[in-house]
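Structural description and commentary
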Amino acid sequence: MSEIANITLEGKTYECPVITGSENEKAIDISKLRAQTGYITIDTGFKNTGSTKSGITFLDGEKGILRYRGYPIEQLADQAEFLEVAYLLVYGNLPSKEEFLAFKESITHHTLVHEDMRQFLEAYPAKAHPMGIMAASLCTLSTFYPESQDPTRPTEAIDLTIHRLIAKTPTLAAWAYKNAMRHPLMYPLNKFDYCENFLYMMFANPSEKYYADPVIVNALNKLLILHADHEQNCSASTVRIVGSSQANLYASISAGVSALWGPLHGGANQAVIEMLEAIKNDGGKLDKWIQKAKDKNDPFRLMGFGHRVYKNFDPRAKIIKKAADDVLNKLGVVDPVLDIAKQLEEVALSDQYFVDRGLYPNVDFYSGIIYRALGIPTEMFTVMFALGRLPGWIAQWKEMMEEGQPIGRPRQVYTGENERDYIPLEKR
Ligand code: CMC
């Protein structure tokens with residue numbers, strides 16, 4: 001017999017069905033509660049609210065498990081190609097060899113961005129944050145493909161938009177960087193695969209032959225895979241809620257980029273490095289910064305620590321920490337900021353404040369160290385996160401559209417003034 005949750009309100013009991021997920025996750029379905037009782041539930045920050053059922057990503061924050069479509073993140077990060085993972089997330093299964101070749105070919109052939117986009121880019125000030133440029137550019141892409149405005153088009157047309165997004169986002173990201181440097185833009189080259197092509201557009205210049213170090217290509221591939229999806233986080237939920245109004249996919253993804261930008265979400269990777277540099281410049285006084293993080297009157301938080309769902313460890317951080325060591329060793333990079341990061345981790349993990357609250361290094365704590373070693377400038381770190389997260393956002397949007405989910409529209413408990421009469425200005 002299926003489980004039922006009883007809710008008693010004003011002496012009357014109402015039955016709410018219990019939903020069980022494929023990993024035995026339990027949820028009480030309260031979707032009819034208001035219609036039956038007049039009551040809503042309240043859960044600021046959605047700490048306890050499931051906004052959807054989803055078959056894309058499973059994570060268990062207590063056990064530190066993360067799987068895309070059932071595949072453990074450790075196996076994917078170790079063995080897969082980022083585009084393979086993108087295909088897996090978007091289409092639900094790993095591609096066959098033929099499917100993968102066709103997918104890669106399609107992505108490769110859509111990497112070029114319309115030449116008129118350059119006019120927008122050139123208009124941005126050199127100091128513009130690349131996340132602002134990314135959010136704007138991705139939304140601007142919709143204006144070049146007016147036929148894409150209708151998100152309920154046939155599958156082939158939707159696929160074309162998906163492929164264009166995956167193909168053009170690295171080009172736009174690299175161009176945002178080149179433009180900030182006022183360097184000549186590099187056009188994508190079809191002979192390169194996804195990661196190599198991105199590195200080429202970021203770091204090549206027209207007068208030299210370009211060679212991508214395989215250590216760097218592999219590290220980038222791993223980082224993109226680790227960031228590719230994370231179920232109903234702030235940016236994925238934003239993509240879903242914007243898409244639920246049937247805004248087009250470009251607009252929905254652009255909204256996801258804006259949500260990711262904040263330092264409590266993807267922007268943390270930039271904030272971590274800035275924090276570590278500040279600690280280093282301050283003479284490496286870790287205790288002082290730990291005290292600041294614990295002081296409730298000080299807005300400072302230890303960036304790269306804590307997570308809404310991981311309360312034991314973040315499995316992505318574990319993989320990235322090892323990868324950071326490998327990359328630095330292989331490239332022969334000595335980074336004093338890495339030493340500060342390691343000491344800070346050690347001090348924080350033995351401090352009761354952090355232990356009591358389950359605050360551990362998250363994915364962003366070590367990713368910035370690798371990005372630095374790869375030569376990626378600090379302001380581009382969150383763009384790198386966005387590049388990785390793109391297939392996840394697309395998969396979340398696609399699942400929502402295919403399931404015909406209703407427009408996202410939370411309720412509220414009003415706590416403002418009761419009705420009062422307007423007083424004309426001269427009498428106030
Ligand atoms: N430094 C110091 N104290 C912290 C921190 C931190 N980084 N994170 C949480 N706390 C404290 C917080 O003050 C609160 O203490 P108390 O119970 O005494 O009031 C307690 O821990 C619980 O924190 P919360 O803010 O209620 O937890 P949350 O689930 O709402 O927030 C978080 C999660 C990630 C926003 C938060 O831990 C944080 O701000 N971390 C730093 C920013 C960061 O690294 N963000 C990247 C997240 S991983 C990448 C991604 O997926 O986006």
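The text that follows walks through the structure, step by step, so that each part is easy to find. Bear in mind the structure is a predicted one, so any value in this text is a computation, not a measurement.

This paragraph deals with the overall build of the chain. Summing up its helical and strand segments, the chain has 18 helices and 6 strands in all. Taking 428 residues into account, the globule formula puts the C-alpha radius of gyration at 22 Å, and the chain, at 23 Å, falls close to it. For the chain, the spread of C-alpha atoms along the three principal axes comes to 80 × 70 × 60 Å. Sorting the 428 residues of the chain into buried and exposed places 48% on the buried side. Restricting to contacts in the chain with at least 6 residues of sequence separation, those with at least 24 account for 71%. For the chain, the computed accessible surface area is about 21,900 Å², with 52% contributed by carbon and sulfur atoms. Of the charged side chains in the chain, 46 are positive and 53 negative; the average position of the first set lies 3 Å away from that of the second.

With that settled, consider the sheet that holds strand S5 (residues 65-68). Pairing within the open sheet is antiparallel, and its 3 strands lie in the order S4-S5-S6. Two strands close off the open sheet at either side, each with one partner strand: strand S4 (57-60) and strand S6 (71-72). Pairing of S5 with S6, which is carried by 2 bridges, proceeds in the antiparallel orientation. Opposite arginine 67, over in S6, you have proline 72 as the bridge partner.

What follows covers the side chain of asparagine 269. With respect to the helices and strands, asparagine 269 occurs in helix H12 (residues 268-281). A residue is classified by how much of its surface remains accessible, and asparagine 269, at 0% relative accessible area, is buried. In this structure the side chain of asparagine 269 is engaged in a polar contact, spanning 3.1 Å, whose partner is the backbone oxygen of phenylalanine 381. Not counting the four nearest positions on each side in its chain, asparagine 269 is found in contact with Asp364, Ser367, Tyr371, Phe381, Thr382 and Phe385.

Paired through backbone hydrogen bonds, the strands of a sheet run either parallel or antiparallel to each other. The 3 strands are arranged S1-S2-S3 in an open sheet whose pairing can be described as antiparallel. The strands lining the two open edges of the sheet, one partner per strand, are strand S1 (4-9) and strand S3 (26-28). The average angle at which neighbouring strand axes cross in this sheet is 30°, direction not considered. Examined bridge by bridge, S1 and strand S2 (residues 12-20) share 6 bridges and lie antiparallel to one another. By the bridge assignment for S2, asparagine 6 is matched with glutamate 15.

Our focus in this paragraph is helix H7 (residues 155-181). Here H7 is 27 residues long and its end C-alpha atoms lie 39 Å apart, about the 39 Å a rise of 1.5 Å per residue gives. At lysine 168, H7 shows its maximal kink, close to 30°; a proline, proline 170, follows between one and four residues later. Of all the 27 residues making up H7, 21 are buried; the element is thus mostly covered by neighbouring parts of the structure.

Taken together, 24 residues lie around the ligand, and His265, Arg301, Leu302, Gly304 and Arg308 are the ones closest in. The side chain of lysine 296 places a nitrogen or oxygen atom 2.9 Å from an oxygen atom of the ligand. Separating an oxygen atom of the ligand from a side-chain N or O atom of arginine 301 is a distance of 2.8 Å. Coverage of the ligand by the protein amounts to 79% of the 940 Å² it exposes when considered alone.

Turning next to helix H11 (residues 249-261). With 13 residues, H11 extends 19 Å between its outermost C-alpha atoms, agreeing within 8% with the 18 Å of an ideal straight helix rising 1.5 Å per residue. Every buried residue belonging to H11 is among Leu249, Tyr250, Ala251, Ser252, Ile253, Ser254, Ala255, Gly256, Val257, Ala259 and Leu260, and all of these are buried. Structurally, H11 contributes buried residues whose contacts are with helix H6 (130-144), H7, helix H10 (234-243) and helix H18 (381-402). Residue asparagine 248 occupies the N-cap position of H11, its side-chain oxygen lying 3.0 Å from the main-chain nitrogen of tyrosine 250.

Here is what the cut-offs are and how they apply
Starting afresh in each chain, residues are numbered from 1 along the sequence in its written order. Given that the model is predicted, a residue must reach a pLDDT of at least 70 before its local features are reported, and side-chain atom pairs must reach 80 or more before they are shown or counted; all residues, however, enter totals for whole chains, interfaces and linings. Working from all heavy atoms in the structure, the side-chain values ignore hydrogens and water. Numbered from the N terminus, helices here are DSSP runs of H or I no shorter than four residues, and strands are runs of E no shorter than two. Our radius of gyration looks at C-alpha atoms and nothing else; its globule reference is 2.2 Å times the residue count to the power 0.38. Any residue under 20% of the maximum accessible area for its type is buried, any over 50% is exposed, and the rest in between are partly exposed; the area is computed with a 1.4 Å probe on protein chains only. It only takes one pair of heavy atoms within 4.5 Å for two residues to be counted as in contact. Residue exposure ignores everything except the shown protein chains as possible cover, and the areas themselves are Shrake-Rupley values with a 1.4 Å probe. In this tally Asp and Glu are treated as negative and Lys and Arg as positive; neither His nor the chain ends contributes. All charge positions are set by atom: Lys at NZ, Arg at CZ, Asp at CG, Glu at CD. Here the rule is simple: two strands pair whenever DSSP picks up at least two bridges between them. We define a polar contact as two N or O atoms separated by no more than 3.5 Å, with the added condition that, inside protein, one atom must be a possible hydrogen donor and the other a possible acceptor, whereas residues neighbouring each other in sequence contribute only through side-chain atom pairs. Fitted lines through C-alpha atoms serve as axes, helices being fitted only where they are in contact, and the angles separating the N-to-C directions of these axes extend from 0 to 180 degrees. What a helix should span is 1.5 Å times the count of its residues minus one. Throughout, bend refers to the angle between the axes fitted to the seven residues that end at a position and the seven residues that start at it. By convention in these notes, a residue is near a molecule or strand provided one of its non-hydrogen atoms lies within 4 Å of it.

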